[in-house]
Structure formats: structure tokens, C-alpha cells
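As a plain string of letters, each chain reads:
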Amino acid sequence: MKNSDLEKFFEICLAITAERDRHALLTRILDTAMDISSCDAGTLYLSEPDGLHFCRMATRSLNIRQGGHGDPITLPPVPLVEKYVCSWAALHNETLNIADVHADSRFDFSGSLQYDALTGYRTVSMLVVPMNNDRGRLIGIMQLINAMDASGSIIPFPRDLEMLISALASQAAISITNMQYAEQVTNLLDSLVNALSKAIDERSPYTANHTQNMAAIADRFLDYLEESGNPRAFSPEKRRAFLMSIRLHDVGKLAIPLEIMDKESRLSSSLSDIKERFRLINLLDRISVLEGRISSEEFTDRVEDRKNTLAFIERINRTGYLSDSDLSEVNRISSQTYTDESGRDIPCLSSQEHTCLSIRKGTLTETERKTIQSHVEITERILKNVSFPDAYSQVPVWASAHHELLNGKGYPKQLTADEIPPETRLLTILDIFEALTSRDRPYKPAIPVDKALSILRSMAQDGSIDGEILNLFLESHAWEGIL
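So, how was this worked out
Residues numbered from 1 in each chain as written. Predicted model: local features only at pLDDT ≥ 70, side-chain atom pairs only at ≥ 80, totals over all residues. Heavy atoms only, no water. Helix = DSSP H or I, 4+ residues; strand = E, 2+ residues; numbered from the N terminus. Buried < 20%, exposed > 50% of the residue type's maximum accessible area, 1.4 Å probe, protein only. Contact = heavy atoms within 4.5 Å. Areas by Shrake-Rupley, 256 points an atom, 1.4 Å probe, with all protein chains shown as cover. Lys, Arg positive; Asp, Glu negative; His and termini not counted. Charge placed at Lys NZ, Arg CZ, Asp CG, Glu CD. Polar contact = N/O pair within 3.5 Å; in protein donor to acceptor, adjacent residues only side chain to side chain. Pairing = 2+ DSSP bridges. Axes fitted to C-alpha atoms, helices over the stretch in contact; angles between N-to-C directions. Parallel < 35°, antiparallel > 145°, perpendicular 65-115°, else oblique. Left-handed = near helix turned anticlockwise from the far one by under 90°. Nonpolar A, V, L, I, M, F, W, Y, C, P; charged D, E, K, R; others polar. Phe/Tyr/Trp six-rings, centres within 6.5 Å; stacked < 30°, edge-to-face > 60°.

## Some thoughts on the overall build of the protein
Then step 1. The helix and strand inventory of the protein stands at 18 helices and 9 strands.
Then step 2. Seen through its principal axes, the protein has C-alpha atoms that stretch 125 × 45 × 40 Å.
Then step 3. Sorting the 483 residues of the protein into buried and exposed places 45% on the buried side.
Then step 4. Within the protein, residue pairs in contact and separated by at least 24 positions form 65% of the contacts whose partners lie at least 6 positions apart.
Then step 5. A total accessible area of about 24500 Å² is found for the protein, and carbon and sulfur atoms account for 51% of it.
Then step 6. Side chains of the protein give 51 positive and 69 negative charges; the mean places of these two sets differ by 4 Å.

Here is the structure:
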């Protein structure tokens, strides 16, 4: 064996080790083995419980290549029985070097002969090598066909080549195993993230589709960037990391009380307390009538006044925005008290009820709003305790900053534009858009897409969000068919 052959072998082993794409790795393994052995054809099988599965097939003289990104291989797996040469090599973990399959009666070569009959090919010499990883586990079989001499004539595979091809097969098996381990870890991480994402959404019926919608829209948007050749297009690894950050961006909401997350009105359950209090006061007034402390007419007026007050409270409880006059009326009602016969004062509204009814916009008090906003800090604390692989190291950064705004008016850290990466800027736009158009929020009606986009444009104009990314989002129409 020449030194140049060894140098080429080591170079190839390094290239195989460095390969990160599974399809490219498997193709490179077979092509490399064929190059080293100077053969015309080859088949790569991967071992599965039900047999040896065809993975790659190539015949250079016929310009045929199957498997991977090329033509799919539809042949059934080869069962692990000794009559087939590849199965025998797998079962006995031995290399087979056959000079002429037509002169060998040990194995059933009917499959190769049928292939020959269909294509006009002639299979003669064959080298069959088990692919074992560093733990001795069979990963697959490498089957090389028709070694060629310098003139292009078919010859038997040289014996001194067997060790080199076996070493290559072992290195290939280790690379395949490492890639399988990496894929298993990635799949495990993805499945855990997806399960956690669903748990976040399913915790409240009012956000049941938020994360899933965001991820679906993001997927469509990233497709658009790639298909349009935009320089902002994400690599496959970055895409996976970004989608993971979407699925985890609200993980902190697991720690937020549902009575705050699902608060659909200003008073929430407190409205029933007010109704019960008014009913009690009416009963006390009725007793006062019976005992002669007030007249029937005064009782009727009081009951009517409370009825109107309660109707006002019920309206204010769900109104979108509290006007100045409505706020004044809330303050007036809150100042009223009822004194019972024992001299005890019963307020019309408790201080907490007054605070809730005084909310100008939305349903949350300032304390409740801060509690909701704390979910991003909780998200950051949770994700910083996760050992993300290098490819996902930015997930905690992107996910925990999705409420920051470019003008520094976001939360929780009031980051400015130069501190907010493009991935977070995109995530913020997706989060705002989905929240605006969502049909399942109890505290607000869904906003039509056109109006939601108009709001986003206004936010871009005032420097809150990234205008360039927003324009790409508008061009993509990535939300169509999802919302």
C-alpha cells in the first residue's frame, strides 16, 4: 500500500468525521469506499431490527445513484438469514471477499443477478464489510462490487485492501453512531420543548393556540426568507433554535396565577361579592321599613338607586376604556357607605374593588400587570438553568427579551436597539401580531389582520419595533391560512 493511499485515507476519515449532514455523510461513506477500492458499484445497508435496509446504491458505469437526496430506494430490507451474502457478513461479523459471484455457490445472489438482468450490468467481484462502531455494535454493511484495474477491467478485490476498507467502515460506523446520538439528543430536546410548549398553552383556554400559531407563522416567514434569497435567511441550525425560542418564550407563565392570566373583566369574581353586598343592604333596609326607621317610598328609592349603581358597575366591569366621567362615578360610589342598625358601616365598594373598577384600560391592576410582566424574568431564570447545546445557546437570550422595545420602553430591562438582536426583534413582532389577532382572549375582541398590521406599522414609526423586519413580514403574508 502506498503512502499516498494512507494519506488519502486519513484525509477522508477526517472529512467523514467533520460531516454534519446525515444524507451527505452516508453518500460520502459509500463514494469514499468506492474511490479507495477503485470499484464500479456499491451498496450501503443500515442495520435495523427487521433486517438490513438499503441506504445508498451507486453504479458509476450506468450513471445510477439511489438513496438520500436522489431517487428513493423502495426495495424491501434484506432479512438476516445466512443465505444472503450481506446478511452472512452481518451475522458472523466477518468480511467476505468474493472473486466471482457466478462461481460461488455459498450464497443466494439472485438479487444481484436480477439487477443485472434489468440493467444489462454484470456483477462479478464483491467485497462485503461489516460496519461496527467503537462499542462493537453492527451499524450496517458496506457491499462493494466490481473492482477495476488501471485499464478498466474487472478484477478481484485485492486482499491487502480489506484492512483499509474495514478501517474505513469502522470509522464510518462511529460517525454514523455519533450522528445518531446527536439526532437522538436533539429529538429529545425538541420533544421536551414541544411538550412544555403545549403545557403552557393548555394551562389556559385563553392562550391555547398562542405559541403554536407563532411557531407556524414563523416557519412560513422563514420559508419566505429562504425562497426569496433574502440575506436574512436562517441556517437550518439557527432556524431550529429560533423556533425553540418561540416555543419557550412564555414558559415563565407557568408560575403566573391563573386568576390573573385568565382575568376577563376588571372585577373578575369580585362582582358576585358586590351583588351579595347590595342584596344584604336591601334586606337590611327592608327590616328598617318593618321597624319604622324608613318609609316604603324611601326604601323603594334606595333599591332603585342600588339597581342603577349595580348596572353601572356591570357595564364598567367590561368596558374597554374608562372615561373621566365614568371614573368620577366610580369614585363617588366608592365613597358611599351604609350604616346598619348597630352603627356598623358597610362600604359600597372595598378598596380592592375600587382599584379594579378604576383601571383605565384592560382588566389588570398595576400590581397584576407587574405580576404578568414578571413572566419574562421567570422565563430567563428557568432557561438559564437549562444546559442547551451550543447550537441553541442563544435560546434563553432570544426568548426572555421578547417584550423589550427598540426605544427602550419595553420590559423587564428596558433594553435599547443595540442590545436587542434581530432574532428577538422578529420574535417580538410575531408575539404582538398573534396577540392582537387572537380570537380567544377573554379581555379583548380579536383585531382584524389589517388593523393589527396598522398598529405594527405605527409601532415601527415610533421606534418600538424593527421596521425592516416588519416590512419583510408584511411582504411574506406568512399568517395566511394559519389565523
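## As for the side chain of serine 476
Then step 1. Checked against the element boundaries, serine 476 lands in helix H18 (residues 467-476).
Then step 2. Judged by relative accessible area, which is 15%, serine 476 ranks as buried.
Then step 3. Here the side chain of serine 476 touches phenylalanine 473 through a polar contact of 2.7 Å, landing on its backbone oxygen.
Then step 4. Leave out the neighbours within four places in its chain, and serine 476 touches Phe221 and Tyr224.

## Brief notes about the pairing of strand S1 (residues 39-48)
Then step 1. Within S1, 8 of the 10 residues are buried, leaving the element largely enclosed by the surrounding structure.
Then step 2. With 7 bridges connecting them, S1 and strand S6 (residues 138-148) associate as antiparallel partners. From the neighbouring strand, leucine 46 faces S6, where its bridge partner is glycine 140.
Then step 3. Two elements, S1 and strand S2 (residues 51-59), share 8 bridges in a ladder whose sense is antiparallel. Within S2, the residue paired with glycine 42 across the bridge is alanine 58.
Then step 4. Connecting S1 to the antiparallel partner S2 that follows it, the hairpin turn spans 2 residues.

## Remarks on the packing of helix H16 (residues 422-437) against helix H17 (residues 449-461)
Then step 1. One way to put it is that H16 packs onto H17 with a least axis distance of 9 Å and a crossing angle of 140 degrees. Taken together, the axes of H16 and H17 are oblique relative to one another. Classified by chirality, the crossing of H17 by H16 is right-handed. Where H16 abuts H17, its residues Ile429, Ile432, Phe433, Leu436 and Thr437 lie against Val449, Ala452, Leu453, Ile455, Leu456 and Met459.
Then step 2. For the contact of H16 with H17, the class distribution of residues is 10 nonpolar, 1 polar and no charged.

## Things to note about the pairing of S6
Then step 1. Most of S6 sits out of view: 10 of its 11 residues are buried.
Then step 2. Taken together, strand S5 (residues 126-132) and the strand that follows it, S6, pair antiparallel across an intervening segment of 5 residues, in which glycine 136 is found at a positive phi of about 80 degrees.
Then step 3. The sheet contact formed by S6 and strand S7 (residues 154-155) spans 2 bridges and is antiparallel. Each bridged residue has a counterpart across the sheet, and for alanine 147 the counterpart in S7 is isoleucine 155.

## Considering the packing of aromatic side chains
Then step 1. Considering all chains together, one arrives at 10 aromatic pairs under this definition.
Then step 2. With 6.0 Å between their ring centres and 70 degrees between their planes, tryptophan 88 and phenylalanine 107 make a pair best called edge-to-face. Of this pair, tryptophan 88 sits in helix H3 (residues 85-92) while phenylalanine 107 is found in the loop between strand S4 (96-98) and helix H4 (110-119), placing the two residues 19 residues apart along the sequence.
Then step 3. The class for phenylalanine 107 is buried, based on a relative accessible area of 9%.
Then step 4. Taking the centre distance of 5.5 Å and the plane angle of 50 degrees together, the rings of phenylalanine 433 and tryptophan 479 count as tilted. With phenylalanine 433 in helix H16 and tryptophan 479 in the segment after H18, this residue pair connects regions lying 46 residues apart in the sequence.

## Observations regarding H18
Side chains three or four residues apart in an α-helix point the same way, a direct result of the helix having 3.6 residues per turn.
Then step 1. Along H18, the residues classified as buried are Ile469, Leu470, Leu472, Phe473, Leu474 and Ser476.
Then step 2. On the buried face of H18, the contacting elements are helix H6 (210-227), H16 and H17.
Then step 3. The residue sitting at the N-terminus of H18 and contributing the capping side-chain oxygen is aspartate 466; that oxygen lies 2.9 Å from the backbone nitrogen of glutamate 468.
Then step 4. Positive backbone phi, at 50 degrees, marks histidine 477, one or two positions downstream of H18.

## Concerning the packing of H16 against H18
Then step 1. Running from N to C, H16 and H18 cross one another at 55 degrees; their axes reach a closest spacing of 10 Å. As far as their axial angle goes, H18 and H16 are oblique. Our pair here, H16 against H18, has a crossing hand that is right-handed. Contacts between H16 and H18 pair Pro422, Arg425, Leu426, Ile429, Leu430 and Phe433 from the former with Ile469, Leu470 and Phe473 from the latter.
Then step 2. When its residues are assigned to classes, the contact of H16 with H18 shows 8 nonpolar, no polar and 1 charged.

## Observations regarding unusual backbone geometry
What you tend to see is this: most non-glycine residues have negative phi, and most peptide bonds are trans.
Then step 1. Following tyrosine 411, the chain continues to proline 412 via a peptide bond in cis, the omega torsion being 10 degrees.
Then step 2. Counting through the fold element by element, proline 412 comes out in the loop between helix H15 (395-400) and H16.
Then step 3. For asparagine 63, which is not a glycine, the phi torsion comes out positive at approximately 55 degrees.
Then step 4. Checked against the element boundaries, asparagine 63 lands in the loop between S2 and strand S3 (64-66).
Then step 5. Note on asparagine 63: relative accessible area 71%, which makes it exposed.
Then step 6. Despite not being glycine, asparagine 93 has its phi angle at roughly 55 degrees, a positive value.

## Structural notes on the environment of alanine 150
Then step 1. Tracing the backbone through its elements, the reader meets alanine 150 in the loop between S6 and S7.
Then step 2. Taking the relative accessible area as the measure of exposure, alanine 150 reaches 90% and is therefore exposed.
Then step 3. Here the alpha-carbon distance between alanine 150 and serine 38, two residues 112 residues apart in the chain, equals 8.9 Å.

In short, the description is geometric, and any link to function would need to be established separately.
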